[in-house]
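Overview (structure and organization)
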Amino acid sequence: MLQKIKSLAYRVITGVLPARRQCIVCNSKIFSFKALSPHYAQKLKEYGWPYSFDDFETLNVQEYQCPRCGCSDRDRLYALYMKKVIDPLVPYRLLDIAPAPALRSFIKSFPNITYRSADLYMHDVDDQVDLTDMHLYEDSSFHAFICSHVLEHVPDDQKAMKELYRVLKPAGWGIAMVPVLLSIEQIDEEPTLESIPERWRRFGQDDHIRQFSKSGFVGRLKGAGFKVREWTVKDFTPEEFIKNGISPRSVLYIVSKEND
């Protein structure tokens, strides 16, 4: 099996077998992205999760992970956005909450970005910080932030959103993303729930304490003071989405802080 994989990779690299995809995060030409691990679907079925992967707004189950750098489809979406909006001549100070390794390397490749990573539990970050109390950072400290698939873990997500608003500079922007389930109308949450099977059944993962609806997520971001813009395939191109294995249903939530 390993030899077959190596042979396939060789044919893609040499052009014998044309590359169908290109990962923007690691700039690798590949034949295909890897599907989401079947372990996740097995767990959801085991615990009676009542939804479908098709109910998620931003998820490409069949082309989820880059075989080279390990980035997810949402990481590639963020990279597309950053390539589009970041001016290489303008200095940025960026805060990355619970950083994804491949995306972190991609961001740090920008010479004009001063990068800071933070998390409460991860040890390979610059700062160990509670997202709901980031007193380490002064008001208006960052030009941009990334908070991806973190808020569904945080007991007080609204307090965390207000902290992100506080540390963002006026006219700054942030990537704020959570698993959004389109088939529910309201947020389902229970921060004190300790039952692992029940967390799997209601929230789709053992360490999640809420499941966001679309309107609920946007409403809470706006309640924290943010202006919210939804970036879709129309803001990019269908070709960019296809090449990077991003579902055409994907939505990127960009929040901004208006000038005071």
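Our structure is the block above this text.
What follows concerns the packing of helix H5 (residues 157-167) against helix H7 (residues 214-223). Orientation of H5 relative to H7, taken along the N-to-C sense of each, is 50°, at an axis distance of 9 Å. The pairing of H5 with H7 is recorded here as oblique in orientation. Of the two possible hands of crossing, H5 and H7 adopt the one that is right-handed. For the pair H5 and H7, the contacting residues are Asp157, Gln158 and Met161 in the first and Phe217, Arg220 and Leu221 in the second. For the contact of H5 with H7, a count of residues per class yields 3 nonpolar, 1 polar and 2 charged.

Taking a probe equal in size to a water molecule and rolling it over the atoms shows the remaining empty space. The volume enclosed by the largest pocket comes to roughly 730 Å³. Contributing to the lining of the largest pocket are 36 residues, with Tyr64, Arg74, His149, Glu152 and Gln205 lying nearest its centre. Of all the secondary structure elements, the ones that give two or more residues to the lining of the largest pocket are helix H3 (73-85), strand S3 (92-97), helix H4 (101-108) and strand S6 (142-148). Looking at the lining of the largest pocket element by element, the count peaks at 3 residues for H3. Taken together, the residues of the lining of the largest pocket break down into 18 nonpolar, 11 polar and 7 charged. Considered as a void within the structure, the second largest pocket measures approximately 420 Å³ in volume. Around the second largest pocket sit 18 residues that line it, and Asp119, Tyr121, Val150, His153 and Val154 are the ones nearest its centre. Along the lines of polarity and charge, the residues of the lining of the second largest pocket split into 12 nonpolar, 2 polar and 4 charged.

Right, let's talk about the nonpolar core for a bit. Formed by 67 residues in total, the largest nonpolar core has its most connected members in Met82, Leu131, Phe217 and Leu252. For this core, the element with the highest residue contribution is H3, accounting for 6 residues.

We now examine the packing of aromatic side chains. Applying the stated rule across the entire model yields 16 aromatic pairs. Ring plane angle 50° and centroid distance 5.7 Å describe the contact between Trp231 and Phe236, whose orientation is recorded as tilted. Of the two residues, Trp231 and Phe236, neither departs from the other in class, the shared state being buried. Through pairs of rings, three or more aromatic residues link up here, namely Tyr40, Tyr47, Trp49, Tyr51, Phe53, Phe56 and Trp200. We note Lys257 situated over the ring of Tyr165; from NZ or CZ to the ring centre the distance is 4.8 Å.

To continue, consider the side chain of Asp157. Structurally, Asp157 can be placed in helix H5. A relative accessible area of 2% means that Asp157 is categorised as buried. There is a polar contact of 3.4 Å between the side chain of Asp157 and the side chain of Arg210. Excluding its chain neighbours within four sequence positions, the residues that come into contact with Asp157 are Leu151, Glu189, Arg210, Phe212 and Arg220.

Let us now look at the sheet that holds strand S5 (residues 127-128). Here we have 7 strands laid out as an open sheet, ordered S5-S4-S3-S6-S7-S11-S10, and mixed in their pairing. Bordering the open sheet on either side are S5 and strand S10 (227-231), each of which pairs with just one other strand. The pairing of S3 with strand S4 (residues 113-119) spans 6 bridges and is parallel. Paired with Ile97 across the bridge in S4 is Ala118. Its contacts with the sheet put H3 on S3, S4, S6, strand S7 (168-177), S10 and strand S11 (252-256), and the angle it makes with S7 is roughly 155°.

Below, the discussion takes up the pairing of S7. Within S7, 7 of the 10 residues are buried, which leaves the element mostly enclosed by the surrounding structure. Where S6 meets S7, 6 bridges bridge the pair, whose relative direction is parallel. What sits directly across from Phe142, in S7, is Leu168. Traced from S6 through H5 to S7, the parallel crossover comes out right-handed. As judged from the 3 bridges shared by S7 and S11, these two strands associate in the antiparallel manner. Paired with Trp173 across the two strands is Ser256, which belongs to S11.

This paragraph deals with the side chain of Arg202. Tracing the backbone shows Arg202 in helix H6 (residues 196-203). Using a relative accessible area of 15% as the deciding quantity, one classes Arg202 as buried. Polar contacts involving the side chain of Arg202 include one to the side chain of Glu190, which spans 2.5 Å. The residues touching Arg202, leaving out its near neighbours within four places in the chain, are Tyr51, Asp188, Glu189, Glu190, Leu193 and Gln211.

Calculation notes
- Residues numbered from 1 in each chain as written.
- Predicted model: local features only at pLDDT ≥ 70, side-chain atom pairs only at ≥ 80, totals over all residues.
- Heavy atoms only, no water.
- Axes fitted to C-alpha atoms, helices over the stretch in contact; angles between N-to-C directions.
- Helix = DSSP H or I, 4+ residues; strand = E, 2+ residues; numbered from the N terminus.
- Parallel < 35°, antiparallel > 145°, perpendicular 65-115°, else oblique.
- Left-handed = near helix turned anticlockwise from the far one by under 90°.
- Contact = heavy atoms within 4.5 Å.
- Nonpolar A, V, L, I, M, F, W, Y, C, P; charged D, E, K, R; others polar.
- 1 Å grid on protein atoms, 1.4 Å probe; cavity = no way out; pocket = protein on both sides within 12 Å on 5 of 7 lines; lining within 4 Å.
- Points joined across faces, edges and corners; volume = space filled by probe spheres on them.
- Core = buried A, V, L, I, M, F, W, Y, C linked by side-chain atoms within 4.5 Å.
- Buried < 20%, exposed > 50% of the residue type's maximum accessible area, 1.4 Å probe, protein only.
- Phe/Tyr/Trp six-rings, centres within 6.5 Å; stacked < 30°, edge-to-face > 60°.
- Lys NZ or Arg CZ within 6 Å of the ring centre and 35° of its normal.
- Polar contact = N/O pair within 3.5 Å; in protein donor to acceptor, adjacent residues only side chain to side chain.
- Pairing = 2+ DSSP bridges.
- Right-handed = clockwise from strand over helix to strand, strands pointing away.

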